[in-house]
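Breakdown of the fold
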Amino acid sequence: MKKIRQPIIAVLGHVDHGKTTMLDRIRKTNVASKEAGGITQHIGATEVPIEVVKEIAGPLLSLWKGEIKLPGLLFIDTPGHEAFTSLRARGGSLADLAILIIDVNEGFQPQTIESIEILKKYKTPFIVAANKIDRIKGWKINENEPFLVNFKKQDQRAQQELETKLWEVIGKFYEMGFQANRFDRVQDFTKELAIVPISAKYGIGIAELLVLIAGLAQRYLEQKLKIEVEGPAKGTILEVREEIGLGTTIDVIVYDGTLRKDDTIVVGGKDEAIVTKIRALLKPKPLDEIRDPRFRFDQVDEVAAAAGIKIAAPGLDGALAGSPVIAARSEEDVEKAKQEILSQ
Ligand code: GTP
Ligand code: MG
Ligand code: NA
């Protein structure tokens, strides 16, 4: 049976431009404030159910005529620090869509450009969040307001200053070969990059950001997202992690099929393909960050794409972050999966 899976949405951008804070706003969490040195050092994953998207977006969602049929959005948080190029690339390569975050006061920075190069390489469609608009001189902050409502309340000087900063960003995109525009001035979303001004810290513009990302996924990616859910799962390892009482586990993004507790999995390792049986499938609660959950994981019997899941299984010590995970339900499947992994 074919079903529409959740789109995988990577959040990319220069260090401290507000990726984790933006996700915290959507999740109502405080992951960013607990990070060592205020720096994200791991790749994260959070499932945002469509009800939450609808709650935040409110009546704006009706801008996309036609119903949103997505079950939710699976967000991947990535580090912006220059040291973590491989984690950004991993996030970018997994994504169906991306949000590129730019601190509108700092403009383009080295990892902004690097992020754009990654998105270009994997041909990932993206939208831009121009963050920290609350820092513009004289900006009037009204928490959780849609951007267009908030913008109307600003005096002319503040409005003008934002426009100037946006023009600088638009100019930089032009130099990199992109037509970009403020989202409400975009005529054709397949040709122009949409920029949504936001304040991640105060929740301004998050409504429009979610409406755009959900609407774009629904309208342009429906065919790609329609998958045979019953098929054996395919995924990518985000992190290999020791967990007390569980031994070595892997955090995995499942992007295709269904992973079942009684599946055999073939996992990319340091020097070989590891074949093992799943001991437990541990799913973070909705809105929980897999790398820093507030609640206990749920033990589940199966999980359908797309999802972030922790897998406990024997023999994962040699597993390699970034490698594939392929579920197998027969000897033949195991051999095929091994070949597929070794050929990469
Ligand atoms: P890395 O993952 O380390 O690359 O950083 P990040 O992009 O996830 O940024 P993070 O969420 O850690 O935010 C960096 C700092 O900017 C924190 O002190 C946030 O509170 C602050 N910040 C984020 N968004 C906003 C915003 O909209 N307005 C203001 N004033 N500060 C913000
Ligand atoms: Mg971060
Ligand atoms: Na940070």
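Counting restarts for each chain: residues are numbered from 1 in the order of the written sequence. Think of it this way: whatever chain is written first is A, whatever ligand is written first is 1, and the rest follow in order. Since the coordinates come from a predicted model, pLDDT governs what is reported: local features require at least 70, and pairs of side-chain atoms require 80 or more to be given and counted, while whole-chain, interface and lining totals use all residues. Values reported for side chains reflect all heavy atoms of the structure, with hydrogen atoms and water molecules removed beforehand.

Under an unreviewed UniProt entry, the name given to the chain is Probable translation initiation factor IF-2, and the source organism is Palaeococcus pacificus DY20341. UniProt positions are given in the numbering used here, feature names are shortened, and annotations may be inferred rather than shown by experiment. As its UniProt record puts it under Function (unreviewed entry), the chain is described as follows: "Function in general translation initiation by promoting the binding of the formylmethionine-tRNA to ribosomes. Seems to function along with eIF-2."

Below, the discussion takes up the side chain of Asp-24. Helix and strand labels come from DSSP, where a helix needs a run of H or I of at least four residues and a strand needs a run of E of at least two; each type is numbered from the N terminus. Looking at where Asp-24 falls in the secondary structure, it is placed in helix H1 (residues 19–27). Think of it in three bands: with a 1.4 Å probe and only protein chains considered, a residue is buried below 20% of the maximum accessible area for its type, exposed above 50%, and partly exposed in between. The buried category is assigned to Asp-24, whose relative accessible area is 7%.

To continue, consider the site of ligand 1. Around ligand 1, the structure places 21 residues, and the nearest of them are Lys-19, Thr-21, Thr-40, Gly-80 and Asp-134. For this analysis, a polar contact is any N or O atom pair within 3.5 Å, provided that within protein one partner can donate a hydrogen and the other can accept it, and provided that sequence-adjacent residues contribute only side-chain to side-chain pairs. Between an oxygen atom of ligand 1 and a side-chain N or O atom of Lys-19, the distance comes to 2.7 Å. At 2.5 Å, a side-chain N or O of Thr-21 approaches an oxygen atom of ligand 1. Starting from 660 Å² of accessible surface for ligand 1 in isolation, the protein chains cover 85%. If you tally residues by element for the shell around ligand 1, the top one is H1, at three residues. Under the grouping applied here, Gly and all other residues not named as nonpolar or charged are polar, the nonpolar ones being Ala, Val, Leu, Ile, Met, Phe, Trp, Tyr, Cys and Pro and the charged ones Asp, Glu, Lys and Arg. In terms of residue class, the shell around ligand 1 is built from four nonpolar, eleven polar and six charged. Consider each residue's heavy atoms; a residue with any of them within 4 Å of a molecule or strand counts as near. The protein chains shown are the only cover counted for residues, whose accessible areas, like all others here, come from Shrake-Rupley with a 1.4 Å probe.

On to the coordination of the magnesium ion (ligand 2), then. Metal donors: N, O and S atoms at distances within 2.8 Å, or within 3.2 Å for Na, K and Ca, with water omitted from the atom set so that some sites may seem incomplete. The coordination sphere of the magnesium ion (ligand 2) contains the protein donors Thr-20 (OG1) and Thr-40 (OG1), at a distance range of 2.0 Å. For the pair the magnesium ion (ligand 2) and the sodium ion (ligand 3), the metal-to-metal distance amounts to 4.5 Å. Of this pair, Thr-20 sits in helix H1 while Thr-40 sits in the loop between H1 and strand S3 (44–49); the two residues are 20 residues apart in sequence, bridging distant segments of the chain. This pair shows no difference in class: Thr-20 is buried, exactly as Thr-40 is.

The linkage connecting Ala-305 with the following residue, Ala-306, adopts the cis geometry, with an omega of -5°. Tracing the backbone through its elements, the reader meets Ala-306 in the loop between strand S17 (302–304) and strand S18 (307–312). Although it is not a glycine, Asn-144 adopts a positive phi angle of roughly 65°. Notably, Leu-287 is not glycine yet its phi reads approximately 70°, a positive angle. By secondary structure assignment, the location of Leu-287 is in the loop between strand S15 (280–283) and strand S16 (298–300).

Below, the discussion takes up the UniProt feature "domain: Tr-type G" (unreviewed entry) in the chain. The UniProt feature table records "domain: Tr-type G" (unreviewed entry) at residues 4–221. This span, residues 4–221, is 37% helix and 18% strand, and a straight line between its end C-alpha atoms measures 10 Å.

Before going further, it helps to examine the packing of helix H3 (residues 85–94) against helix H4 (residues 110–121). At a closest axis distance of 9 Å, the pairing of H3 and H4 adopts a crossing angle of 40°. One way to sum up the angle between H3 and H4 is to call them oblique. Helix-helix and strand crossings are classified by hand; for H3 and H4 the assignment is right-handed. Of the residues in H4, those in contact with Thr-85, Arg-88, Ala-89 and Gly-92 of H3 are Gln-111, Glu-114, Ser-115 and Ile-118. Within the contact of H3 with H4, the residues separate by chemical class into two nonpolar, four polar and two charged. The convention used is that axes are lines fitted to C-alpha atoms, helices contributing only their stretch in contact, and that angles between N-to-C directions extend from 0 to 180 degrees. Working rule for angles: under 35 degrees goes down as roughly parallel, over 145 as roughly antiparallel, 65 to 115 as roughly perpendicular, anything else as oblique. Crossing handedness: left-handed means the near helix sits turned counterclockwise from the far one by under a right angle, and right-handed means the same turn made clockwise. Two residues form a contact once any of their heavy atoms are found within 4.5 Å.

One less than the number of residues in a helix, times 1.5 Å, gives the span that helix is expected to have. Helix length check: H4 (twelve residues) gives 17 Å between terminal C-alpha atoms against 16 Å at 1.5 Å per residue, within 8%. The set of residues buried in H4 consists of Gln-111, Thr-112, Glu-114, Ser-115, Ile-116, Ile-118 and Leu-119. Buried residues along H4 sit in contact with strand S2 (8–13), H3, strand S5 (97–103), strand S6 (126–131) and helix H6 (156–175). The first or second residue beyond H4 is Lys-123, which carries a positive phi of 55°.

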